[in-house]
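Reading the structure
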Amino acid sequence: KAGVTQTPRYLIKTRGQQVTLSCSPISGHRSVSWYQQTPGQGLQFLFEYFSETQRNKGNFPGRFSGRQFSNSRSEMNVSTLELGDSALYLCASSTGQTQETQYFGPGTRLLVL
Amino acid sequence: QKEVEQDPGPLSVPEGAIVSLNCTYSNSAFQYFMWYRQYSRKGPELLMYTYSSGNKEDGRFTAQVDKSSKYISLFIRDSQPSDSATYLCASAISSGSARQLTFGSGTQLTVLP
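Residues take numbers from 1 onward in each chain, read along the sequence in its written order. To read the labels, note that chains go from A and ligands from 1, taken in the order they are written. Predicted model: local features are reported for residues with pLDDT of at least 70 only, side-chain atom pairs are reported and counted for 80 or more only, and whole-chain, interface and lining totals are derived from all residues. Note that water and hydrogens are dropped before the side-chain values are worked out from all heavy atoms of the structure.

A few words on the sheet that holds strand 3 (residues 19-24) of chain A. All names here are of chain A. Any two strands are treated as partners once DSSP identifies two or more bridges connecting them. Runs of E in the DSSP output that reach at least two residues are strands. Runs of H or I that reach at least four are helices, and both are numbered from the N terminus. Strand order in the open sheet formed by four strands is 1-3-8-7, with antiparallel pairing between adjacent strands. Across the chains shown, the open sheet's two edge strands, defined by having one partner strand only, are strand 1 (5-7) and strand 7 (64-68). Shown here is a sheet whose adjacent strand axes are inclined to one another by a mean of 20 degrees, direction ignored. Axis angles are defined between N-to-C directions and span 0 to 180 degrees, where every axis is a line fitted to C-alpha atoms and, for a helix, only to the segment in contact.

See the structure below:
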């Protein structure tokens, strides 16, 4: 079974731009969660989508948004990028029934200049 | 104060040593506890999860949870150089089937040959 894939793997943007990241979950998984990982704050939960609906949200500003498609693929969008948004963005998929067994993708490393 | 605190390390041990990795948590609502391993430039990989106090063993790894003292530990026996990675503890509150993982900051482990 193929694992979680994320595209692109690396991205460089400038302040004020927006960015869209993509995540394809493991086949059959309906839940996708997004996390931001930085050296200072560690891994922080952004939001979770299940069957195209956001069912959980972390403490991030509204500039961070996401969506999920009918095939369970998910996208995350960050608008008006700030320097502090530079991070590794990870998505994790699960069946949605037992979130304990989330499987992470390799992440997208975003650098904001 | 972070909800999940983790000994930051870094930790360096000789091959074959027993490694003890520790976390404490403050939120009494946490019901699920997980350990992830993250190699450099990779996404976290689930090692173990448990939802009860006590020990859970899987090969060379033992996860220990003490809910009365809000303490989580991971023990690695007969450590190998391939165990060199960052170890992350995580906790989750159950809300229906939605889980929001709260991570510790991670402990970087190096096992020297």
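What follows covers the pattern of salt bridges. Side chains bearing opposite charge may pair, as long as their charged atoms lie close to each other. Residues and elements named next belong to chain A. When a carboxyl oxygen of Asp or Glu lies within 4 Å of a side-chain nitrogen of Lys or Arg, that pair is called a salt bridge. Across all of its chains, the model carries eight salt bridges over all chains by this definition. Glutamate 48 serves as the salt-bridge partner of arginine 55, at 2.7 Å between the closest nitrogen and oxygen. Exposed residues in this analysis have more than 50% of their type's maximum accessible area, buried residues have under 20%, and partly exposed residues fall in between, with area computed by a 1.4 Å probe over protein chains only. Residue class for arginine 55 comes out partly exposed when judged on its relative accessible area of 26%. Note on glutamate 48: relative accessible area 0%, which makes it buried. In this structure, glutamate 82 and arginine 63 form a salt bridge, with 3.6 Å as the shortest nitrogen-oxygen distance. One end of the pair, glutamate 82, is in the loop between strand 8 (74-78) and strand 9 (87-94); the other, arginine 63, is in the loop between strand 6 (53-57) and strand 7, and 19 residues separate them in sequence. A cluster of three or more residues bridged by salt bridges with shared partners is formed by Arg63, Glu82 and Asp85.

Any two cysteine sulfur atoms lying within 2.5 Å of each other are counted as a disulfide. For the coordinates displayed, the defined rule picks out two disulfides over all chains. Disulfide partner of cysteine 23 of chain A: cysteine 91 of chain A, at an S-S distance of 1.9 Å. Between cysteine 23 of chain A and cysteine 91 of chain A, the S-S torsion sits near 65 degrees, and that sign places the bridge as right-handed. Remark: cysteine 91 of chain A occurs in strand 9 and cysteine 23 of chain A occurs in strand 3; sequence separation between them is 68 residues. Classification of cysteine 23 of chain A as buried rests on a relative accessible area of 0%. There is a disulfide in this structure between cysteine 23 of chain B and cysteine 89 of chain B, and the S-S distance comes to 1.9 Å. The sign of the S-S torsion, about -100 degrees, decides the handedness of the disulfide formed by cysteine 23 of chain B and cysteine 89 of chain B: left-handed. Here the residue cysteine 23 of chain B occupies a position in strand 3 (residues 19-25), and cysteine 89 of chain B occupies one in strand 9 (residues 85-95), the gap between them amounting to 66 residues. The burial state of cysteine 23 of chain B is the same as that of cysteine 89 of chain B; both residues are buried.

Moving on: the nonpolar core. Nonpolar side chains tend toward joint burial in soluble globular proteins. Only buried residues count toward a nonpolar core, which is a set of Ala, Val, Leu, Ile, Met, Phe, Trp, Tyr and Cys residues joined through side-chain atoms within 4.5 Å. Core analysis: the largest hydrophobic core is formed by 23 residues, its most contacted members being Trp35, Leu74, Ile76 and Tyr87 of chain B. Mapped onto this core, the elements with two or more residues apiece are strand 3, strand 4 (32-38), strand 5 (45-50), strand 7 (61-66), strand 8 (71-76), strand 9 and strand 11 (107-112) of chain B. With four residues, the single largest contributor to this core is strand 3 of chain B. Throughout, a contact is declared for two residues whenever any of their heavy atoms are within 4.5 Å. Each residue touching tyrosine 87 of chain B, except ones within four places of it in the same chain, is listed here: Gln6, Leu21, Trp35, Tyr36, Arg37, Leu47, Phe61, Leu74, Ile76, Gly106, Thr107 and Leu109 of chain B. If you look at the next biggest cluster of nonpolar residues, it comprises 21 residues, including Val4, Leu21, Phe47 and Met76 of chain A.

Without a salt bridge and with relative accessible area above 30%, a residue can belong to a patch; like charges are then joined within 9 Å and nonpolar side chains (Val, Leu, Ile, Met, Phe, Trp, Tyr) within 5 Å. For the accessible areas, the method is Shrake-Rupley and the probe is 1.4 Å, while residue cover comes only from the protein chains on display. Taken together, the side chains of Ile12, Leu111 and Leu113 of chain A make up a nonpolar region of the molecular surface, amounting to roughly 300 Å² of accessible area. With respect to the helices, strands and loops of the structure, leucine 111 of chain A is situated in strand 11 (residues 108-112).

This paragraph deals with the interface of chain A and chain B. With 25 residues of chain A in contact, the opposing surface of chain B contributes 18 residues. Note on definitions: buried area is the accessible-area loss of two parts on being combined, 1.4 Å probe, summed for both. Buried area between chain A and chain B, both sides added, is near 1,800 Å², and the carbon and sulfur share of it is 51%. Applying the counting rule to chain A against chain B returns zero salt bridges. Elements with a minimum of two residues in the side of chain A that touches chain B: strand 4 (31-38), strand 5 (42-50), strand 6 and strand 9 of chain A.

So yeah, pure geometry; function would need other evidence.
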